[in-house]
Amino acid sequence: MSTTLRPTPSPTEAHIRTPLAKARGLGSAHSGTEHFWHQRVTGVANAILVIVVLVQVARLTGADHATVKAALKSPLLSMPLLLLILSGMVHMRLGMQTIIEDYASSEGAKVVALMLNTFFVILVGFACVYAVAKISFGA
Amino acid sequence: MASAETHASKRKQRPLSPHLQIYSPLINMVMSILHRITGAALYVGTLLLAWWLIAAATGPAYFNFVSGLFASPVGLLVLFGYTWALLHHMIGGLRHFVWDTGRGFDLGTIDTLSWGTIIISLVLSVAIWAWGLMAKGII
C-alpha cells in the first residue's frame, strides 16, 4: 500500500474544524468543559456546606441516640446535610471518574469501573438521603 | 512485515518519560498527590457517614453499637483521619480556585499556598476535635 504525503497545510487551511464544531465548543472530548465546571460548582457548594455541617456534627461528639436524632430532625442540620450529600455525590463521581480514566489499563476495565463508580455513588448517596428523611419525617 | 519489526525496535530505543521517582519531592507536588489521595479516601469515607446516619435512623441499640465502634481508639483515629482528609481536600480545593483565576502561579506563592494547605488543615483538624471533645468534657 502506497502512502501519499499530503502537503503541509498553509495557515489558512490549517483550521479544519467545522463551523458547527466551533459553535458547539465541545472539543475532542465531546463533552466540553462540563466536567471541569460541574466539579468547580459542586466544590464551592461543598466547601460552604461542609463548614455548616461539620461545626454541628463536631458538637455531637459522644452524644447519645436521642440527642443525635433531635439534631438530625432540625432543618438547620438536615437541610445542609442533604444538600451536601447531593452536591457531594456529583463531586465524588466526577473526581473518581478522573482517577479511573487516568489509571484504567484497558477500555473494558475503564467502562466497568466507570459504571461501578456511578452505582456506588448513587447507592451510598441515597442510603444517606433515606436515613436523614426517615429521621426527619419519622416519629 | 519488515516495517512492523522496524517499528518495534524503534519503539524499544525510545526514552521513557520520567515518572515520580525521578523527581525530588516538591511541596506542591506532594500536595497534588495528597489532594487525589484524600479525595479517594473521602469517597470511601462516605460509607462511614452512611453507616452513622443509618444507625441513627435504625434505633438506640444499633446506634449505641456503631457509636461505640467509632469511639474506640481505632475508630477515633479513623474519624480524625476522615476530618483531616475532608479539611485538607477542602483547603486544597480553595487553593485550586485561586489558581483557576490565573493568579498565584509564581514560585513563592505556589510554595506558600502548598505549605498553607497542609499546615491549616492539620491545625483545623486538631482544633475541631479539641473543641468537640472539650464541649463534652472528655478532655
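In what follows, the structure referred to is the one given above.
What you see as residue numbers is a count from 1 along each chain, following the sequence as written. For this description, chains carry letters from A and ligands carry numbers from 1, given in the order in which they are written. Where totals are concerned, whole chains, interfaces and linings use all residues; where local detail is concerned, this predicted model gives features only for residues with pLDDT of at least 70, and gives and counts side-chain atom pairs only at 80 or more.

**Q** So what exactly am I meant to see when it comes to the overall build of chain A here?
**A** Only DSSP runs of H or I with at least four residues qualify as helices, and only runs of E with at least two residues qualify as strands; both kinds are numbered from the N terminus onward. Counting secondary structure elements, chain A contains five helices and zero strands. Order of helices (α) and strands (β) in chain A, N terminus to C terminus: α-α-α-α-α. Relative to its 139 residues, chain A shows a buried fraction of 20%. Exposure in this text rests on C-beta crowding, where 20 or more other C-beta atoms within 10 Å of a residue's own make it buried, 12 or fewer make it exposed, and counts in between make it partly exposed. The C-beta atoms are placed from the backbone.

**Q** In this structure, what is going on with the overall build of chain B? I would like to understand it.
**A** In terms of helices and strands, chain B carries five helices and zero strands. When we talk radius of gyration, it's over C-alpha atoms, and the globule rule is simply 2.2 Å times the number of residues to the 0.38. Taken against the 2.2 N^0.38 rule, which gives 14 Å for 139 residues, the C-alpha radius of gyration of chain B at 23 Å runs more than 25% over that of a compact globule. If you line up chain B on its principal axes, its C-alpha atoms span 75 × 45 × 25 Å. Counting the 139 residues in chain B, one finds 24% classified as buried.

**Q** What is the right way to look at the nonpolar core in this model?
**A** One broad rule of soluble globular proteins: the nonpolar side chains tend to lie buried together. Grouped together as the largest cluster of nonpolar side chains are 36 residues, with contacts concentrated most on C128(A), A131(A), V132(A), L53(B) and A56(B). Only α2 (34–58), α3 (65–73), α4 (75–103) and α5 (107–137) of chain A together with α2 (27–58) and α4 (73–100) of chain B provide two or more residues apiece to this core. For this core, the leading source of residues is α2(B), giving nine residues. Contact definition: two residues whose C-beta atoms, as placed from backbone geometry, lie within 7 Å. Those residues in contact with A131(A) that lie beyond four places of it in its chain are L53(B), I54(B), A56(B) and A57(B). A set of buried Ala, Val, Leu, Ile, Met, Phe, Trp, Tyr and Cys residues, joined through C-beta atoms within 7 Å, is what we mean by a nonpolar core.

**Q** Mind showing me how you'd approach the interface of chain A and chain B here?
**A** A common way to express how large an interface is: the accessible area buried when the components associate. Contacts between the two partners involve 24 residues from chain A and, on the opposite side, 28 residues from chain B. Those elements giving two or more residues to the side of chain A that touches chain B turn out to be α2, α3, α4 and α5 of chain A. Looking at the side of chain A that touches chain B element by element, the count peaks at seven residues for α5(A).

**Q** Which parts of the structure should I look at to understand the packing of α2(A) against α4(A)?
**A** All names here are of chain A. To obtain each axis, a line is fitted to C-alpha atoms, and for helices this fit is confined to the stretch in contact; angles are then taken between N-to-C directions over 0 to 180 degrees. For the pair α2 and α4, the least separation of the axes is 8 Å and the interaxial angle reads 145 degrees. Crossing of α2 against α4: the hand is left-handed. Residues H35, H38, Q39, T42, G43, A45, N46, L49, V50, V52, V53 and Q56 of α2 form the contact with α4, whose own contacting residues are L77, P80, L81, L83, L84, S87, G88, V90, H91, L94 and G95. Grouping the constituent residues of the contact of α2 with α4 by class yields twelve nonpolar, eleven polar and no charged. By convention the crossing between two helices is left-handed if the near helix lies anticlockwise of the far one by an angle smaller than a right angle, and right-handed if it lies clockwise. The residue classification treats Ala, Val, Leu, Ile, Met, Phe, Trp, Tyr, Cys and Pro as nonpolar and Asp, Glu, Lys and Arg as charged. All others, Gly included, are polar.

**Q** Is there a simple way to think about the packing of α2(B) against α4(B) in this case?
**A** The geometry of a pair of packed helices is captured by two quantities: the angle between their axes and the separation between those axes. Residue and element names in this part refer to chain B. Taken N-terminus to C-terminus, the directions of α2 and α4 make an angle of 130 degrees; their axes are 9 Å apart at the nearest point. Accordingly, the angle class assigned to the pair α2 and α4 is oblique. Note on packing geometry: the crossing formed by α2 with α4 is left-handed. For the pair α2 and α4, contact is made by M31, L34, H35, T38, G39, A41, L42, G45 and L48 and by Y82, A85, L86, H88, H89 and G92, respectively. For the contact of α2 with α4, the class distribution of residues is eight nonpolar, seven polar and no charged. Roughly parallel covers angles under 35 degrees, roughly antiparallel covers those over 145, roughly perpendicular covers 65 to 115, and oblique covers all other angles.

**Q** Explain α5(A) here, please?
**A** In an α-helix, one full turn covers 3.6 residues, which means residues spaced three or four apart are oriented alike. The end-to-end C-alpha distance of α5(A) is 44 Å, a good match for the 45 Å that 31 residues give at a rise of 1.5 Å each. Within the sequence span of α5(A), burial applies to V121(A), V124(A), C128(A), A131(A), V132(A) and I135(A). Packing partners of the buried residues in α5(A) comprise α3 and α4 of chain A together with α2 of chain B. Under the convention used throughout, the expected extent of a helix is 1.5 Å for every residue step, that is, one less than its residue count.

**Q** Help me understand the environment of L72(A) in this model?
**A** For L72(A), the location among the structural elements is in helix α3. Between the C-alpha atoms of L72(A) and V57(A), which are 15 residues apart in sequence, the distance is 9.6 Å. For L72(A), the contacting residues outside a window of four places in its chain are L77(A), S78(A), V132(A), I135(A) and A56(B).

**Q** Teacher, can you tell me more about the environment of M90(B) here?
**A** Within the secondary structure, M90(B) is located in helix α4. Residue classification places M90(B) among the buried positions, given that 23 C-beta atoms sit within 10 Å. C-alpha of M90(B) to C-alpha of V44(B): the two residues are 46 residues apart in sequence and 16 Å apart in space. Excluding its chain neighbours within four sequence positions, the residues that come into contact with M90(B) are A47(A) and V50(A).

**Q** Got a minute to help me understand α2(A) in this structure?
**A** Across its 25 residues, α2(A) extends 34 Å between first and last C-alpha, which sits within 8% of the 36 Å expected from 1.5 Å per residue. Turning to α2(A), its buried residues number three or more, namely T42(A), G43(A), N46(A), L49(A), V50(A), V53(A) and V57(A). Contact partners of the buried residues in α2(A): α4 of chain A together with α4 of chain B.

Function cannot be read off these values alone, since they describe shape.
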